[in-house]
Amino acid sequence: MPKSAYGKMAASGARWSEKAPRGIVTAAALSGIWLMGFIILFLIKEGMPILSEVSILDIASGNRWYPVSSPPRYGMLPLFAGSCAVTLLSCVIAIPFGTAVALFISDVCPERAREFCKVSLEILGFLPSVVLGFLGMVVLAPWMQAKFELLSGLNMLNASFLLGVMILPTIATLSEDSLRAVSQSLRDASYALGATRFETMFKVVLPCASRGIVSAAILGMMRSVGETMVVLMASGGAALIPRFITDPVRPLTSTIAAEMGETPVGSPHYHALFFMGCLLMLFTCLLNMLVMKIESARRAK
Amino acid sequence: MDGAKLKTESLSMAYSANAPYALKDISVDVAENSVMAFIGPSGCGKSTFLRCLNRMNDFVGGVRVEGRVLLDGSDIYAPEVDVTALRRKVGMVFQRPNPFPFSIRENVAYGQKLLGERNKSRLDEIVESSLSSAGLWEEVRDRLNEPAVSLSGGQQQRLCIARAIAVSPEVLLMDEPTSALDPLATARIEELVRELKKDYTVAIVTHNMQQAARISDATAFFLMGELVEAGPTTGIFTTPSDPRTEDYITGRFG
């Protein structure tokens, strides 16, 4: 190609080749934000009308969720308690276990086994939640029922265990990343002072990675709060404030999933379900902000 | 030479079973309460050698060590040796300052806490005496609870020295301790090394020949995994017996 022709093309093409990609990317980004905004607006618009039917106090403190009785009761306390209980118990199961798995992969297992472990974890993460729920229903529930002589094996413990399995890969892989990010030179310094491998792991590596592990745990928690299918299938579905870990519960998410299809659009029940959606969104938003704060503090350090 | 604190006898080392030797047949003596410098071009094995002296190479899978390393006459590679106890006796300071991201106090107290020391006033005493020996006490006495990473590079390196001497070692290994520091901080560390030899035996790896000449009593010159020559520093720098040593110290290569 003659030099002049090339120069001319470059000159005339400069505008388009500069502007087009920029425009496309900007449009894509803006439409994402726009969509997000509308989803939130829609959620609020559909959720708020319930407040004209019942007071926020009744919703927050009422412990009866009878949306189709007359008069209907919209006490969300048992549902909220169910969500919190299942989430917390799943974290109690998954956080120590996930951290231990991460420590094993980053500091204990030999280099060759590491890839195998990481891939296995990822496969665990790929498991569709409905498959896990299914396992909970047909394997875990009958076993628990027989073993602990319960009324039902579909309960908080069952659901929390499955949720724990579900969020384990999230917690373990993210924790492992932050453990691996702890410089080898710090491990060397510890060894050179006469520390054993385990002392080094628990007194240097773990504390140095603590912020990363905390944010991994919160991200796991976020998944656990929002997860629907597993709790719908395995939690038992009774809208009661749990007194013990083997009590059945009905978290917010599974309530929405179970009842949305059977409620008339625009009815108070419908609005109540959307209100729950708002609550869930608020909750995950707060957790997310917490993670962002921890992360920015970590970067600043 | 008798009275050697640390002595290697035909030490050879390879990073794995079929890798070539990284160190070949090295016999050298480090006299008690002296500073011995190990010099040589990059990749000559001087850092590898240093890491053999407190068995830091153990973590490299499949590493092969032949010959003996004697600390006070007993072989540190003998099967009954407790490696953690050995590393407390033979402390190490690394190339880049590597303080833990804890407070200054916690950094110095770390080794003692591993040993089970819980008495706070005893720990405070050790922290103060170690920081004083490292020439850092005056600068940090009012900010012991501040994070160690807030110190300057030179201060961090002196903190690492304080941390190493807090477990009262007998030997200090220093792996190019000033290579990441500016000239002023380097001068302070060099001064400190000269002080430290009163209480410790120091083995220091350096790429800086002037530094070796300034601070060491004896010098060993390494080349491609072999010990070319070792002896009193003045002798090595004025009348080297091997032409390769002369070429190196006169700047003909390296």
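These numbers were taken from a predicted model, which means no experiment stands behind them.

## A look at the overall build of chain A
Right, so step 1: A tally of regular secondary structure across chain A gives 13 helices and two strands.
Right, so step 2: Principal-axis analysis of the C-alpha atoms gives chain A an extent of 85 × 65 × 35 Å.
Right, so step 3: Out of the 301 residues belonging to chain A, those deemed buried represent 42%.
Right, so step 4: Put simply, of all contacts in chain A between residues at least 6 apart along the chain, 70% involve residues at least 24 apart.
Right, so step 5: Put simply, chain A shows about 16400 Å² of open surface, and 70% of that area lies on carbon and sulfur atoms.

## Some points on the pattern of salt bridges
Right, so step 1: For the structure shown, the criterion picks out 27 salt bridges over all chains.
Right, so step 2: Among the ionic pairs, lysine 5 of chain B bridges to glutamate 170 of chain B, the shortest N-O distance being 2.9 Å. In this pair, lysine 5 of chain B is assigned in strand β1 (residues 4-14) and glutamate 170 of chain B in the loop between α6 (153-165) and β7 (171-175), connecting sequence segments 165 residues apart.
Right, so step 3: According to the relative accessible area criterion, glutamate 170 of chain B is partly exposed, its value standing at 29%.
Right, so step 4: What you see here is one network of salt bridges that share partners, running through Lys118, Glu176 and Arg180 of chain A.

## A short note on the interface of chain B and chain A
Right, so step 1: Contact with chain B, which involves 21 residues of that partner, is made by 18 residues of chain A.
Right, so step 2: Across the chain B to chain A interface the summed buried area is about 1600 Å²; carbon plus sulfur atoms make up 70%.
Right, so step 3: Contact with chain A buries surface across chain B, with Phe59, Tyr110 and Leu114 of chain B losing the most and accounting together for 31% of the total.
Right, so step 4: At the surface where chain B touches chain A, the tally comes to one salt bridge.
Right, so step 5: Inspection of the region where chain B meets chain A yields four residue pairs in polar contact (both at pLDDT 80 or more).
Right, so step 6: When contributions to the side of chain B that touches chain A are tallied by element, the ones reaching two or more residues are α2 (83-89), β6 (90-93), α3 (104-114) and α6 of chain B.
Right, so step 7: Here the side of chain B that touches chain A is composed, by residue class, of 13 nonpolar, four polar and four charged.

## As for the packing of helix α6 (residues 129-148) of chain A against helix α7 (residues 156-180) of chain A
Residue and element names in this part refer to chain A.
Right, so step 1: Two numbers describe how α6 lies on α7: the axes approach to 10 Å, and their chain directions differ by 140 degrees. On the basis of the axis angle, α6 is oblique to α7. For the pair α6 and α7, the crossing hand works out as right-handed. For the pair formed by α6 and α7, the contact residues are Ser129, Leu132, Gly133, Gly136, Leu140, Ala141 and Met144 on the first element and Leu157, Asn158, Phe161, Leu162, Val165 and Met166 on the second.
Right, so step 2: Considering only residue class, the contact of α6 with α7 consists of nine nonpolar, four polar and no charged.

## Thoughts on the pairing of strand β10 (residues 226-232) of chain B
All names here are of chain B.
Right, so step 1: Here strand β9 (residues 218-223) pairs with β10 via six bridges, running antiparallel. Opposite threonine 219, over in β10, you have glycine 231 as the bridge partner.
Right, so step 2: The turn linking β9 back onto β10 is made up of two residues, and methionine 224 within it adopts a positive phi angle of 45 degrees.

## Side note on the environment of glutamate 176 of chain A
Residues and elements named next belong to chain A.
Right, so step 1: With respect to the helices and strands, the residue glutamate 176 is situated in helix α7.
Right, so step 2: Among the residues examined, glutamate 176 registers a relative accessible area of 2% and is labelled buried.
Right, so step 3: For the pair glutamate 176 and glycine 98, spaced 78 residues apart in sequence, the C-alpha to C-alpha distance is 9.1 Å.
Right, so step 4: Aside from chain neighbours lying at most four places away, what touches glutamate 176 is Ala102, Ile105, Ser106, Arg114 and Lys118.
Right, so step 5: In terms of polar contacts, glutamate 176 uses its side chain to reach the side chain of lysine 118, at 3.2 Å.

## Points about α6 of chain A
Residue and element names in this part refer to chain A.
Right, so step 1: Along α6, the sharpest kink reaches roughly 40 degrees, centred on leucine 140 and followed within four residues by the proline proline 142.
Right, so step 2: Within α6 the residues assigned to the buried category are Leu132, Gly133, Gly136, Leu140, Ala141 and Met144.
Right, so step 3: In this fold, the buried residues of α6 make contact with α7 and α11 (229-234).
Right, so step 4: Positioned one or two residues after α6, glutamate 149 has a phi angle of 50 degrees, which is positive.

## Quick notes on the domain arrangement of chain A
Residues and elements named next belong to chain A.
Right, so step 1: Assigned domains of chain A: these are domain 1 (3-52) and domain 2 (58-300).
Right, so step 2: Between domain 1 and domain 2 lies a buried interface of about 940 Å² when both sides are counted; carbon and sulfur atoms form 85% of it.
Right, so step 3: When the buried surface of domain 1 facing domain 2 is broken down by residue, Leu43, Glu46 and Ile50 rank first, second and third, together holding 61% of it.
Right, so step 4: The interface formed by domain 1 and domain 2 contains zero salt bridges.
Right, so step 5: Summed over the shared surface of domain 1 and domain 2, the number is two residue pairs in polar contact (both at pLDDT 80 or more).
Right, so step 6: At six residues, the largest contribution of residues to the side of domain 1 that touches domain 2 is made by helix α1 (residues 3-47).
Right, so step 7: For the side of domain 1 that touches domain 2, the residue count by class is eight nonpolar, one polar and one charged.

## Some thoughts on the packing of aromatic side chains
Right, so step 1: Scanning the entire structure with this criterion turns up 13 aromatic pairs over all chains.
Right, so step 2: Ring centres of tryptophan 143 of chain A and phenylalanine 148 of chain A lie 6.0 Å apart, and the angle between their planes is 80 degrees; on these two criteria the pair is classed as edge-to-face.
Right, so step 3: Classification of tryptophan 143 of chain A by relative accessible area gives partly exposed; the value is 47%.
Right, so step 4: Note on tyrosine 191 of chain A and phenylalanine 59 of chain B: the rings are 4.0 Å apart at their centroids and 25 degrees apart in plane angle, and the pair reads as stacked. With tyrosine 191 of chain A in helix α8 (residues 184-192) and phenylalanine 59 of chain B in the loop between α1 (46-52) and β4 (64-71), the pair connects residues from two separate chains.
Right, so step 5: On the basis of relative accessibility, which here comes to 7%, the residue tyrosine 191 of chain A falls in the buried class.
Right, so step 6: Given a relative accessible area of 34%, phenylalanine 59 of chain B falls into the partly exposed group.
Right, so step 7: Here the aromatic residues Phe42, Tyr270 and Phe274 of chain A are joined through ring pairs into a cluster of three or more.
Right, so step 8: Taking the ring centre of phenylalanine 100 of chain B as reference, the NZ or CZ of arginine 163 of chain B above it sits at 4.5 Å.

Rules behind the numbers
- The residue count restarts for each chain, going from 1 along the sequence in the order it is written.
- Lettering for chains starts from A, numbering for ligands starts from 1, and both go in the order in which the items are written.
- Local features are withheld for residues below a pLDDT of 70 in this predicted model, meaning they are given only at 70 or higher, and side-chain atom pairs are given and counted only at 80 or more; totals for whole chains, interfaces and linings count all residues.
- Excluding hydrogens and water, the side-chain figures rest on all heavy atoms present in the structure.
- Numbering goes from the N terminus for both helices and strands, where a helix is a DSSP run of H or I of at least four residues and a strand is a run of E of at least two.
- Three labels apply to residues, based on accessible area from a 1.4 Å probe with only protein chains included: buried if under 20% of the type maximum, exposed if over 50%, partly exposed otherwise in between.
- Two residues qualify as a contact provided that any one of their heavy atoms is within 4.5 Å of a heavy atom in the partner residue.
- Where accessible areas are quoted, they stem from the Shrake-Rupley method and a 1.4 Å probe; at the residue level, only the protein chains shown are allowed to cover.
- In the sections that follow, a salt bridge refers to a side-chain nitrogen of Lys or Arg positioned within 4 Å of a carboxyl oxygen of Asp or Glu.
- Buried area counts how much accessible surface, traced with a 1.4 Å probe, disappears from two parts once they are put together, with both parts' losses summed.
- The definition of a polar contact used here is a pair of N or O atoms within 3.5 Å, where within protein one atom must be able to donate a hydrogen and the other to accept one, and adjacent residues in sequence count solely through side-chain atom pairs.
- Under the scheme applied, nonpolar residues are Ala, Val, Leu, Ile, Met, Phe, Trp, Tyr, Cys and Pro; charged residues are Asp, Glu, Lys and Arg; polar residues are all the others, including Gly.
- As a rule, the C-alpha atoms of each element are fitted with a line to give its axis, helices using only the stretch in contact, and angles between N-to-C directions run from 0 to 180 degrees.
- The cut-offs work like this: below 35 degrees is roughly parallel, past 145 is roughly antiparallel, 65 to 115 is roughly perpendicular, and the gaps in between are oblique.
- Crossing handedness is read from the near helix: turned anticlockwise from the far helix by less than a right angle, it gives a left-handed crossing, and turned clockwise, a right-handed one.
- Pairing between strands is defined by DSSP: at least two bridges between them are needed.
- Throughout, bend refers to the angle between the axes fitted to the seven residues that end at a position and the seven residues that start at it.
- Note: domain ranges come from an automatic or database domain assignment.
- The pairing test for Phe, Tyr and Trp rings, Trp by its six-membered ring, is centres within 6.5 Å, and the orientation test on the planes gives stacked under 30 degrees, edge-to-face over 60, and tilted for anything in between.
- We count a charge as sitting over a ring when the NZ of a lysine or the CZ of an arginine lies within 6 Å of the ring centre and within 35 degrees of the ring normal.

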